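Close look at the chain arrangement
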Amino acid sequence: MDKKDKSSLFKIKYNAPVTLTFALICLAALVLGYATKNSVTRQFFAVYRSRVSLAWFVRLIGHSLGHVDFDHFFGNMTLFLLLGPILEEKYGSKDLIEMIVICSVVESAVQMIFVPHTALLGASGIVFMMIILASAVNIKEGGIPLTMILVIMIYLGKEIWAQFTTHDNISHLTHIVGGLCGAFFGFAYARIAAGKKTS
């Protein structure tokens, strides 16, 4: 191994642009929230039922970027940064952005319809989407991976149970919605890939 090869081993790469940019925006949103005593967070990074405006449209997606505090942020980003690069490599940056945006909008709609008087913020729904989606990467035509079934049973089963048995500040409904989005995307993209092979 020559010197050039050795030096490349220690070069820092922006390896997963969507994942890393999302995490950095989340961090910036959190810092802005602290700086403005949560004024910016409520205006742009939390979703709740309100009159339709430009800020309302921003919140449909922006709520996934907002976090209450650093514990909330680090809790979500740990799994997000672990799963994001894997999924970005598998599906591509453009498709991952589409999945994040669609999942965020679906979460917003469910929140405003079923829990209209409560604000929702955080990337946990996106993280649950990623957990299920990561378990679906090996979907082949004519078969469902057993690991995916087990992940759905464990993660979504736990959240469904918690939705009806616990009263805390965690949006278990959002986790369920995110997981269902992940399952939908997993099957949808597997079908698209199968169609490309047969064409």
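For the structure itself, consult the block above.
Let me begin by describing the structure that accompanies this report. (Residues numbered from 1 in each chain as written. Predicted model: local features only at pLDDT ≥ 70, side-chain atom pairs only at ≥ 80, totals over all residues. Heavy atoms only, no water.)

1. Some words on the nonpolar core
The biggest cluster of nonpolar side chains holds 38 residues, and the ones touching the most others in it are Phe22, Met77, Met99 and Met129. Only helix H2 (17-35), helix H5 (70-91), helix H6 (93-114), helix H7 (124-135), helix H8 (146-165) and helix H9 (172-198) provide two or more residues apiece to this core. Considering every element that reaches this core, the biggest residue donor is H7, with 7 residues. For Met99, the residues in contact, after removing those within four places along its chain, are Tyr91, Met129, Leu133, Phe185 and Tyr189. The next biggest cluster of nonpolar side chains, apart from the first, holds 5 residues, and it includes Trp56, Leu60, Met112 and Leu120. (Core = buried A, V, L, I, M, F, W, Y, C linked by side-chain atoms within 4.5 Å. Buried < 20%, exposed > 50% of the residue type's maximum accessible area, 1.4 Å probe, protein only. Helix = DSSP H or I, 4+ residues; strand = E, 2+ residues; numbered from the N terminus. Contact = heavy atoms within 4.5 Å.)

2. Here's the deal with the side chain of His63
Along the polypeptide, His63 turns up in the loop between helix H4 (54-62) and H5. Given a relative accessible area of 0%, His63 falls into the buried group. At 3.0 Å, the side chain of His63 forms a polar contact with the backbone oxygen of Ser104. In contact with His63, not counting residues within four places along its chain, are Phe44, Phe45, Ala46, Val47, Ser104, Glu107, Ser108, Leu120, Leu121 and Gly122. (Polar contact = N/O pair within 3.5 Å; in protein donor to acceptor, adjacent residues only side chain to side chain.)

On their own, these measurements won't tell you what the molecule is for.
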